[in-house]
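Summary of structural features
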Amino acid sequence: MTAGLSRRSLLGAAGVLALDAQFARSDEAPRVKLRLLSTTDLHMFVMDWDYYHARIDPKVGLVKIAALVAQARRENPNCLLFDNGDLLQGDPLADWCAAPGRLPEGALHPMFEVMNGLRYDAATLGNHEFNYGLAFLERALNGPKFPYVSTNILRTGGAPFLPPTAVLERTLVDASGAPRQLKIGVIGFAPPQIMSWDKSRVEGRIEVGDAVEAARRHLPGLRESCDVVVALLHGGIDFSAHDPGQENPALALCQLPGLDALVLGHQHKLFPGPAFAGHAEVDALAGKIGGVPAVMPGFWGSHLGVIDLDLVRDHDRWRVAGSQVEARPISRRDGESVAALVEADPATVAAIAPAHRATVAWMDQPVGHFAMPVDSYFCWAGYDPATALVNEAQLDYGRRWLAGTPYADLPLLSAMAPNKSGYTPDSYVDIAAGPVALRDAADLYVYANTVVALKVTGAQIRDWLEYAARAFLTLTLDAAGPQELVDRRIPGYNFDAIAGLTYRIDPTRPPAFERDGERVAGGGRIFDLRYQGEVVPPERAFMVITNSYRADSGKTPGANAAALALRAPDANRDAVIDYIRARKNKNIGAPAPAPWRFVDLPKKIAAAFDTGVGAREKIGEVPGLRLIREAEAGYLRVGFDLG
């Protein structure tokens, strides 16, 4: 179905006609229909292409969003287009662009070549913009022909990292066809957690403050000088009370006077939509927070945000008399199949083509050979060769790295969470036996983290594992049918398995930590924690190879900057790729089994979890697993017995 004929297109046009009808009913004051378009969390998904599996992916891509932008502009020429951050990192195209020497001083980053062609009006930064370091980011930011704003990011010492706000002067057309000069103010915010998530890259160079406090300083002046004010918040909606440094402060931000529209992101969800229903200040159907029109348009180019503002001239100012909000999709899922709702924009495809072709060729490089398949479909049942292989690679790296250091004689462990555990129905590792290309190896570790070594005690390791085990829901021994095993509200990348140990998990026990990280009195699921067959004493010291995010974020008990012993110069992903390359002429066999398993229970209970449809033919290869049924939105429901 083409963009021009889609149901979404017709509905969008109908919305504009409805506003036209409102205008036609009154000629008392000039009226302008202003349309605000937005993208967020693109993560360099420019093409509708899966670089890890070398195939078309109809669910993603700025090339598809570009067609929706053109459609939206045809419906209403009074359009502005914004990006809300997490733009420059996230897929192999991003890694190719950021490789040493690929973006010399004065060169145009391929993403900004595309965005300049699409005539973006303004943008803000997300947290992942800092993953390749400040030098790369600042070179890249020389490329956009539109302003970047960031209100709460400062250089150390207090100078702005970017302009805190921007004023866009635009000539718009009112309902009578007359030109109207309007000033649209733009203000942007990033998560303060950048200072921990990318600590090694930004510490001592920038400071990221609270978004709401920064808004209090800058919003009044911007409001005074502009007709319309738009906030670009690389953050989302948190129903809890605002605390300084809150990651997702949309509720508190919308309580401040002066905002006319808000673009959200960071949480990789949709708003309007049911994900954020249930709060008095949030209208999840109309798309309003505290009365402010707001949109969160998905991630990876899945949706285009559209906010239509009905502006009326009231004495000497313009005011918002009405609004409509939607997130327009590029695809629709029907069970296991996905239908494209729009064709790729040819001009955008042409603009990214050289970088895309180079990335495809780069990812096609042969790096090794697997003797058996490696996947992550059953990671929640304790069968996870993908995570096990990464842990083996990190242990190999750690042995060589720590040799000759004061830490060389300490027991060495490795911590890794499932890299892909079902964030979307297609988000699983699935590498066939046989030749391994760079795209396969890179799929084992997709994040731009670097290797670190932590010195921790047995007590800290227990806390670390307890924090990971909160990923399971609490099961009961007397349930009649299969019980849901996994708490999908907790990201899979927090479920660390620590190789070099053995331990058991009891999901019938209450967790030691709540979802928010608060300790639960009397809770605990980790049992029989051993190293080389011996019970781990609380005071025994270990070295754990893990990633910079785990060490710097400060979220995981036991794994934090206080335990940091050494930082390596290499990325975890490169450690994995080099491990496979070093064995290029060998068959890499079965990785070590998972270090954990579930405890024996007094009676058998049935548990269930969702996995990808690619697991259908593999279920019989794992003892005890059984297919229950097709699950919603392209997943399979898998069951097994604990006991």
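Residues numbered from 1 in each chain as written. Predicted model: local features only at pLDDT ≥ 70, side-chain atom pairs only at ≥ 80, totals over all residues. Heavy atoms only, no water.

Focus on the pairing of strand β26 (residues 450-457)
- The buried fraction of β26 is high, at six of eight residues.
- Where β26 lies against strand β33 (residues 564-571), four bridges are found, and the strand directions are antiparallel. Bridge pairing in β33 places Leu454 opposite Leu564.
- Strand direction decides the pairing type here: β26 and strand β32 (residues 541-547), joined by seven bridges, are antiparallel. What sits directly across from Val451, in β32, is Asn547. (Buried < 20%, exposed > 50% of the residue type's maximum accessible area, 1.4 Å probe, protein only. Helix = DSSP H or I, 4+ residues; strand = E, 2+ residues; numbered from the N terminus. Pairing = 2+ DSSP bridges.)

As for the nonpolar core
- Core analysis: the largest hydrophobic core is formed by 55 residues, its most contacted members being Phe130 and Phe161.
- Broken down by element, the residue count for this core peaks at eight residues, all from helix α2 (residues 62-75).
- With sequence-adjacent residues up to four places away left out, Phe130 is seen in contact with Leu125, Leu137, Ile153, Phe161, Ile194, Asp198, Arg201, Val202 and Ile206.
- Counting residues in hydrophobic clusters, the runner-up holds 52 residues, among them Tyr503, Leu601, Ala607 and Val638. (Core = buried A, V, L, I, M, F, W, Y, C linked by side-chain atoms within 4.5 Å. Contact = heavy atoms within 4.5 Å.)

A word on the side chain of Thr387
- Positionally, Thr387 belongs in helix α11 (residues 385-402).
- Judged by its relative accessible area of 5%, Thr387 is buried.
- Reaching out from Thr387, the side chain makes a polar contact with the side chain of Asp384 at a distance of 2.4 Å.
- Not counting residues within four places of it along the chain, the set of residues in contact with Thr387 comprises Met416, Ala417, Pro418 and Asn419. (Polar contact = N/O pair within 3.5 Å; in protein donor to acceptor, adjacent residues only side chain to side chain.)

A look at the sheet that holds strand β35 (residues 605-612)
- Spatially, the four strands line up as an open sheet ordered β27-β35-β37-β36, and their pairing is mixed. For this open sheet the edge positions go to β27 (483-484) and β36 (626-630), each flanked by a neighbour on one side alone.
- Of the strand pairs in this sheet, β27 and β35 are connected by two bridges, and their pairing is parallel. Bridge pairing in β35 places Gln483 opposite Ala607.

A short note on the UniProt feature "domain: Calcineurin-like phosphoesterase" (unreviewed entry) in the chain
- Sequence positions flagged by UniProt for "domain: Calcineurin-like phosphoesterase" (unreviewed entry) are, in local numbering, residues 35-269.
- Across residues 35-269 one finds 28% helix and 23% strand; the C-alpha atoms that close the span lie 21 Å apart. (UniProt positions renumbered as here; feature names shortened; annotations may be inferred.)

Side note on helix α10 (residues 346-363)
- Taking 1.5 Å of rise per residue, 18 residues should cover 26 Å, and α10 covers 24 Å from first to last C-alpha, within 8% of that figure.
- The largest bend in α10 amounts to roughly 55° and is located at Ala353, with the proline Pro354 lying one to four residues further along.
- Buried residues in α10 make contact with β2 (49-50), α2, α3 (92-98), α4 (110-118), β25 (434-437) and α12 (438-443). (Expected span 1.5 Å × (residues − 1). Bend = angle between axes of the 7 residues up to and from the residue.)

Here we look at the layout of surface pockets
- The calculated volume of the second largest pocket comes to roughly 620 Å³.
- Forming the walls of the second largest pocket are 32 residues, and the residues nearest its centre are Pro100, Tyr132, Ala571, Arg573 and Asp574.
- When contributions to the lining of the second largest pocket are tallied by element, the ones reaching two or more residues are α3, α5 (134-140), α7 (199-202), α10, α12, β33 and α15 (572-581).
- A per-class count over the lining of the second largest pocket returns 18 nonpolar, five polar and nine charged.
- Taken together, domain 1 (31-356) and domain 2 (366-599) each give at least three residues to the lining of the second largest pocket, which thus spans both. (1 Å grid on protein atoms, 1.4 Å probe; cavity = no way out; pocket = protein on both sides within 12 Å on 5 of 7 lines; lining within 4 Å. Points joined across faces, edges and corners; volume = space filled by probe spheres on them. Nonpolar A, V, L, I, M, F, W, Y, C, P; charged D, E, K, R; others polar. Domains from an automatic or database assignment.)

Notes on the packing of aromatic side chains
- Counted under the stated rule, the structure contains 29 aromatic pairs.
- Ring centres of Trp197 and Tyr549 lie 6.4 Å apart, and the angle between their planes is 35°; on these two criteria the pair is classed as tilted. Separated by 352 residues along the polypeptide, Trp197 in helix α6 (residues 194-197) and Tyr549 in helix α14 (residues 548-553) bring together distant segments of the chain.
- Note on Tyr549: relative accessible area 17%, which makes it buried.
- Here the aromatic residues Trp380, Phe472, Phe495, Trp596, Phe598, Phe609 and Phe640 are joined through ring pairs into a cluster of three or more. (Phe/Tyr/Trp six-rings, centres within 6.5 Å; stacked < 30°, edge-to-face > 60°.)

A look at the pattern of salt bridges
- Overall, the coordinates contain 39 salt bridges when judged by the stated rule.
- Notably, a salt bridge pairs Lys59 with Asp57, separated by 2.7 Å at the nearest N-O pair.
- On the accessibility criterion, Lys59 (21% relative accessible area) is partly exposed.
- Linking Asp198 and Arg201 is a salt bridge whose minimum nitrogen-to-oxygen distance equals 2.5 Å.
- In the salt-bridge network here, residues are joined through shared partners; they are Arg35, Glu75, Asp308, Glu326 and Arg328. (Salt bridge = Lys/Arg side-chain N within 4 Å of Asp/Glu carboxyl O.)

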